[in-house]
Amino acid sequence: MAMMPPSTPGTPTVAVAPQAIIIEPGSTSSIRQRRTGGKILSYALLTFAGLFFAIPLLWTISSSLQTWQELRSYVPHFLPEMPQWNNYIQVFTLVPFARWMLNSLTIVLINIPGTILTATLTAYAFARFNFVGKNVWFVLLLSTMMIPAIVTFIPQYLLFFNLKFIDTYIPLTIGSWLGGSAFMVFLLRQFIMTIPRELDEAAIVDGANPLRILFSVIMPLMKPALITVAILQFLADWNDFFGPFIYINTMLKYTAAVGLRTFQTMALEITDPRDHLLMAGAAIMTIPVLILFAVAQRYFVSGVVMSGLKL
Amino acid sequence: MSPAQRRQNLYGYLFLTPWLIGFFGLFIGPGLYSFYLSFTKYDVISAPIFVATRNYVDMFTKDDLFWSSLARTGYYAIVSVPLSVFGSMFLAILLNSKLRGITIFRTLFFMPSLVPLVASVILFKILLNSDFGLVNAGLRGLGIQDPPGWFADSRWSIPSLILVRLWGSLGGTQMIIFLAGLQGIPTELYDAASIDGAGAWQRTRHVTIPLLTPTIFFNTVLGVIGALQTFAAAFIATEGGPNFSTWFFALHIWKQAFDYFNMGYAAALAWFFALVIVALTLVQMRLSRRMVFYMGE
């Protein structure tokens, strides 16, 4: 190995006895050409993929600002003749879209503290205490992730039906106050395990009880993980369709997701095609998620990585 | 039991209490109840009638939609999971280069995964409208006289759903997980491969992909579980149509339960379905022992 010439990464070098290294004339320029060629190819592929993702996004905005006649023309208009900002107002006046968004937000705001509190308690128990039966419970927790939601959905519906919880937000929020999802518990447990145990032990010496240790020593250190969980909870609730669809009957209690879906077909005083309004609704519903992403981008990506890699 | 151990038990179960209530109240309890229901005929209004294994026999022998919805679900999973896993991997490899402007591409690729499903399904229904949709206008512009009817055509409805899914997920979580996996590959390995004369393709083939197998495996297992359960997009876009072409197995369970109120039969279907998914997951885990390479072993 000692005889091998130092090589720069990415430069093909012939690994034989030093005398035998023959550098062909012009080979360095061919490498450079190949690299430029590779770069062009990379950019071409990136642009191609970028168009695949960008066109529908741009079309959402453009079509939401068109009239339905424009949107229904055989030759599409890439840009609206005259931006119809009124479409966005109509979404709020034809259907109670603001109310639906507020309902979604209500559910989110009930669920985030619930998950943060109860999933953290569960995660801390699995990360720090050595109680009897711990491994069995942990395997049970993880195996709940494999069971299709539809299996428990039917009996849960019957349960809430018999408890007269239909048309309330209880079925949509109770789970987050009872440990949240298995996935979030797992994510938080993994994070707690990276916090040195010495911190807990020092607090015990100071006479703090476990609850106090969790709240005043551990949880402040868990900020990135807790923000991740809050984001995941927001997305889950904001996007959830079947939960509110089956449990909520009153139109004014709909969430934005259910409302937008209903808006496709519901009877309104206008009978014109409403594709342009649906697109405006889709855009309105996406905006809060984009804002959240912009604000919490750092945690977003690290949270995804954290949740994915350690499983 | 030592006092220390007793303390561990006390606090362990104390902290676990909310989750235990949820686990028994919302998961085990309802799960067992649905297992019981699967042996009954139950329409919610009158009390369940015990019918022994009749639901399980009926699904295999009398239900026309059972096998066809199972086959459709399989078709959807077999096409969408490899496209989605390898598509995300490909995008991640592209993004892993140190080219200028790469973060703009990364953000752009990620953005569709933030669009709520209901919104993206509605968007694609309009994009893929057979007469006025942007996609068919483009296809006609390319000289294709008779472009597909997409959601309105029973041969194209599943490909349309796959397209929605790929758009909304290729650049999302999966891709980010692949990117993190790529960043964990030591650069020495690439240097060593280069010294041995490996070009870009060979480095990808013999270094990158083998070291990404744990990530590929992880994404495939989750992808299969997700794809088999899919029906939200089908429900929102076409409600199983046209001509039952997007009538997936999970949608079949849903319709039996909440449209026809055959709760007992739906519970039997759901239990059969759970068994299939668990079995497939275990098979994948078994296969992975031969195919997944873990660094440091």
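From a predicted model like this one, the values you see are computed outputs, not experimental measurements. (Residues numbered from 1 in each chain as written. Chains lettered and ligands numbered in written order. Predicted model: local features only at pLDDT ≥ 70, side-chain atom pairs only at ≥ 80, totals over all residues.)

### Notes on the overall build of chain B
Across its full length, chain B carries 13 helices and two strands. Taken against the 2.2 N^0.38 rule, which gives 19 Å for 297 residues, the C-alpha radius of gyration of chain B at 24 Å runs more than 25% over that of a compact globule. Viewed in the frame of its principal axes, chain B has a C-alpha envelope of about 80 × 75 × 30 Å. Buried residues in chain B amount to 41% of all 297 residues. A fraction of 69% describes how many contacts in chain B between residues 6 or more apart in sequence connect residues 24 or more apart. (Helix = DSSP H or I, 4+ residues; strand = E, 2+ residues; numbered from the N terminus. Rg over C-alpha atoms; globule rule 2.2 N^0.38 Å. Buried ≥ 20, exposed ≤ 12 C-beta atoms within 10 Å, placed from the backbone. Contact = placed C-beta atoms within 7 Å.)

### What about the interface of chain B and chain A?
The partner chain A presents 82 residues to the 74 residues of chain B that form the contact. For the side of chain B that touches chain A, the element with the most residues is helix α1 (residues 3–37) of chain B, which contributes 18 residues. In terms of residue class, the side of chain B that touches chain A is built from 58 nonpolar, 14 polar and two charged. (Nonpolar A, V, L, I, M, F, W, Y, C, P; charged D, E, K, R; others polar.)

### A short note on the packing of helix α4 (residues 97–128) of chain A against helix α8 (residues 182–193) of chain A
All names here are of chain A. Where α4 contacts α8, the axes come no closer than 8 Å and their chain directions differ by 55 degrees. The angle between α4 and α8 falls in the class oblique. The crossing of α4 and α8 is right-handed. Here α4 contributes Thr115, Ala119, Thr120, Thr122, Ala123, Tyr124, Phe126, Ala127 and Arg128 to the contact with α8, which in turn contributes Met184, Val185, Leu188, Arg189, Ile192 and Met193. Tallied by class, the residues present in the contact of α4 with α8 amount to ten nonpolar, three polar and two charged. (Axes fitted to C-alpha atoms, helices over the stretch in contact; angles between N-to-C directions. Parallel < 35°, antiparallel > 145°, perpendicular 65-115°, else oblique. Left-handed = near helix turned anticlockwise from the far one by under 90°.)

### Section: the nonpolar core
Ranked by size, the top nonpolar core spans 143 residues in total, and within it A:Leu188, A:Val229, B:Ile253 and B:Ala270 carry the most contacts. No other element matches α4(A), which puts twelve residues into this core. Apart from the residues lying within four places of it in its own chain, the contact partners of B:Ile253 are A:Ile150, B:Ala266, B:Leu269, B:Ala270 and B:Phe273. (Core = buried A, V, L, I, M, F, W, Y, C linked by C-beta atoms within 7 Å.)

### A short note on the environment of A:Arg72
Tracing the sequence through the fold places A:Arg72 in the loop between α2 (68–71) and α3 (86–94). Distance from A:Arg72 to A:Pro273, taken between C-alpha atoms, is 8.7 Å for residues 201 residues apart in sequence. Residues within four places of A:Arg72 in sequence aside, it is in contact with A:Pro273 and B:Phe132.

### With respect to the confidence of the model for chain A
Here chain A averages 84 in pLDDT, and 86% of its residues register 70 or above. Here residues 1–27 of chain A is modelled with pLDDT under 50, and outside its nearest four sequence neighbours on either side it reaches 21 contacts, counting other chains as well. (pLDDT = per-residue confidence, 0-100.)

### Here's the deal with unusual backbone geometry
Put simply, B:Gly241 and B:Pro242 share a cis peptide bond, and its omega is -10 degrees. Position of B:Pro242 relative to the elements: it lies in the loop between α11 (232–237) and α12 (249–258). Even without being glycine, A:Asp167 reaches a positive phi, approximately 70 degrees. Summarising the element assignment, A:Asp167 is placed in the loop between α6 (149–162) and α7 (170–173). The phi angle at B:Ala52 is positive, at roughly 55 degrees, despite the residue not being glycine. Note on placement: B:Ala52 falls in the loop between β2 (49–50) and α2 (54–61). Judged by C-beta crowding, with 9 C-beta atoms within 10 Å, B:Ala52 ranks as exposed.

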